[in-house]
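# Structural features, examined
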Amino acid sequence: MEAFYTNLAEIMEVDKIEESDVLRDFPEWDSLTVLSLIARVRTQYGLTLQASDLRGFATARELRDLIATKRMG
Amino acid sequence: MAEEIISTLITGASSGIGQATAIHLSRERTLILHGRDARRLEQTRCLCSSPERHIIWQADLNCIASLAGSLTSLMSQSGLLVNSFVHCAGLAVVLPMRSTDYRVALETMTVNFLSAVEIVNVLLKKKVNRRDLTGIVFVSSIFSRSGARGHAAYCASKSALDGLMRALAVELAPTVRVNSVLPGAVRTPLSEGAFSNPAIAKGMEEDYPLGLGTPGDIADLIGFLLSDGARWITGQEIAVDGGRTINMSHRREEA
């Protein structure tokens, strides 16, 4: 999971992501970015998220924890 | 060698438009049902008329290098000749261009377009298929002629398919007729992601003057294009879209 924030930064086109960053505050955050993120999570972690899964998340940390939990389950 | 069987090859027959086309054509034709998943193909076969006479061809179109060999050996082992080819298989990856690199685009191009090149190539070989091929229908998309956010690879692959269609229509005339069907949004497993979003589903209904279509609406035209009733039609892109692409109305305000 160490690469998670790096991946997220690449998708959001910023240099660095902090755990407390709010996803919807990024300028690049839109419906297509959500699709990019879903595709990246699928190839990187073998998890298929739905766009609706992502709507409930505020921060980068919460998203990271969701993926970590799903991978364990 | 086994007895010769004249057949119709349908790619992507395990679901959606391919499955509807298989069911429609199975009344009068022996089919080669292509798909990736043998179990789902078997389900399609059971939905067809005279299930026992149809043959299953399991292959991943993305494994492009082995496709021609796989089809050739199936045809020679089972004594199959193909007079009609319907290419329904398709992949729709929705991603912004900044996440679309050549690998993403190549997979879409391979499944949607290059596989058709390989299959037609095999079906034109005299040693494999004599001169039996007479009809080709590609299932393209209204996105072939338009743009949509997140659909760069998909739009490009469908435009490529339609370009191939026109070139083949000229090169292979008068023995083979080649046409494309351009469906609008019909509810299939491929489009389910979009339809499962209520806001998108409602917007789509408004965009379609005739409402949303079904896979059967597309299968009907494919059946016609392969029939003698269409003997003077070749090289055409025919939209079956409930009026979607001619609709210039503004969407009504949200209530």
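Computed from a predicted model, the values in this text were never measured in an experiment.

Helix and strand counts for chain B stand at 9 helices and 7 strands. Scaling as 2.2 N^0.38, a compact globule of 255 residues should have a C-alpha radius of gyration of about 18 Å, and chain B matches this with 18 Å. In terms of overall dimensions, chain B has a C-alpha envelope of 65 × 40 × 40 Å along the principal axes. In chain B, the proportion of contacts linking residues at least 24 apart, taken out of those at least 6 apart, comes to 70%.

Each helix and strand in chain A was counted, giving 4 helices and 0 strands. Secondary structure elements of chain A, listed N to C terminal, follow the sequence α-α-α-α. The C-alpha atoms of chain A give a radius of gyration of 11 Å, which matches the 11 Å a tight globule of 73 residues would have. Referenced to the eigenvectors of the C-alpha coordinate spread, the extents of chain A come out at roughly 30 × 25 × 20 Å. The buried share of chain A, reckoned over its 73 residues, is 15%. Contacts in chain A between residues at least 24 apart in sequence constitute 55% of all its contacts with a sequence separation of at least 6.

All names here are of chain B. A sheet is described by the order of its strands in space; here 7 strands give the open sequence S3-S2-S1-S4-S5-S6-S7, paired in parallel fashion. Every interior strand has two partners, whereas the edge strands, strand S3 (55–58) and strand S7 (237–240), have only one. Here the strands of the sheet are splayed against their neighbours by 25° on average, with no regard to which way each runs. Relative to the sheet, helix H9 (residues 215–226) contacts strand S4 (80–87), strand S5 (135–139), strand S6 (177–183) and S7, its axis offset from that of S6 by approximately 170°.

Once that is clear, we can look at the nonpolar core. Residues and elements named next belong to chain B. Core analysis: the largest hydrophobic core is formed by 55 residues, its most contacted members being Ile10, Leu33, Phe85, Val137, Val181, Ile218 and Ile222. Counting residues per element, this core draws most heavily on helix H4 (residues 102–123), which supplies 8 residues. Beyond its immediate sequence surroundings of up to four residues, Phe85 is in contact with Leu9, Ile119, Val120, Leu123, Leu133 and Ile136.

This part takes up helix H2 (residues 38–47) of chain B. Residues and elements named next belong to chain B. Of all the positions in H2, only Leu41, Thr44 and Arg45 are classed as buried. One side of H2 carries all its buried residues, which in axial view fall inside an arc of 100°. Summarising the geometry of H2, the exposed residues directed more than 90 degrees from the buried face are Arg39, Cys46 and Leu47. Summarising the contacts, the buried residues of H2 are in contact with helix H1 (16–25), strand S2 (30–35) and S3.

Turning our attention to the pairing of strand S1 (residues 5–11) of chain B. Residues and elements named next belong to chain B. Most of S1 sits inside the fold, with 5 of its 7 residues counted as buried. Sheet topology places S1 next to S4; 7 bridges connect them, and they run parallel. Residue pairing for S4: Thr8 is matched across the bridge by Ser84. By the bridge criterion, 4 bridges tie S1 to S2 in an arrangement that is parallel. Residue pairing for S2: Thr8 is matched across the bridge by Leu31. Tracing the backbone out of S1, into H1 and back to the parallel element S2 gives a crossover that is right-handed.

Moving on, we come to the environment of Asp132(B). All names here are of chain B. Mapped onto the elements, Asp132 comes out in the loop between helix H5 (126–129) and S5. For the pair Asp132 and Thr175, spaced 43 residues apart in the sequence, the C-alpha separation amounts to 8.9 Å. Ignoring sequence-local partners within four residues, the contact set of Asp132 consists of Ile6, Leu81, Val82 and Asn83.

Moving on, we come to helix H6 (residues 152–171) of chain B. In an α-helix there are 3.6 residues to a turn, and that puts residues three or four apart on one side. Residue and element names in this part refer to chain B. Over its 20 residues, H6 extends 29 Å from the first C-alpha to the last, a length consistent with the 28 Å expected when each residue adds 1.5 Å. Among all positions of H6, only Ala152, Ala153, Tyr154, Ser157, Lys158, Leu161, Asp162, Leu164, Met165 and Leu168 are buried. Elements that come into contact with the buried residues of H6 comprise H4, S5, S6 and S7.

Definitions and cut-offs
- Numbering of residues starts from 1 in each chain and follows the order in which that chain's sequence is written.
- Labels are handed out in written order, letters beginning with A for the chains and numbers beginning with 1 for the ligands.
- In view of the model being predicted, local features appear only for residues whose pLDDT reaches at least 70, and side-chain atom pairs are presented and counted only at 80 or more, with totals across whole chains, interfaces and linings using the full set of residues.
- Numbering of helices and strands runs from the N terminus; a helix is a DSSP stretch of H or I covering at least four residues, while a strand is a stretch of E covering at least two.
- The globule rule is 2.2 Å times the number of residues to the power 0.38, and the radius of gyration it is compared with is taken over C-alpha atoms.
- Distance between backbone-placed C-beta atoms decides contact: two residues are in contact if it is within 7 Å.
- Our exposure labels follow a C-beta count within 10 Å of each residue's own C-beta, placed from the backbone: buried means 20 or more other C-beta atoms, exposed means 12 or fewer, and partly exposed covers the counts in between.
- When DSSP finds two or more bridges between two strands, those strands count as paired.
- For helices, the axis comes from a line fit to the C-alpha atoms of the stretch in contact; other axes are also lines fit to C-alpha atoms, and the angle between any two N-to-C directions lies between 0 and 180 degrees.
- A set of buried Ala, Val, Leu, Ile, Met, Phe, Trp, Tyr and Cys residues, joined through C-beta atoms within 7 Å, is what we mean by a nonpolar core.
- The arc in question is formed by the directions pointing from the helix axis toward the C-beta atoms.
- Looking down the strands as they point away from the viewer, one classifies a crossover as right-handed if the path from the first strand across the helix to the second runs clockwise.
- Here, expected helix span is obtained from the residue count minus one, scaled by 1.5 Å.

Read these as layout, nothing more, since geometry by itself doesn't imply function.
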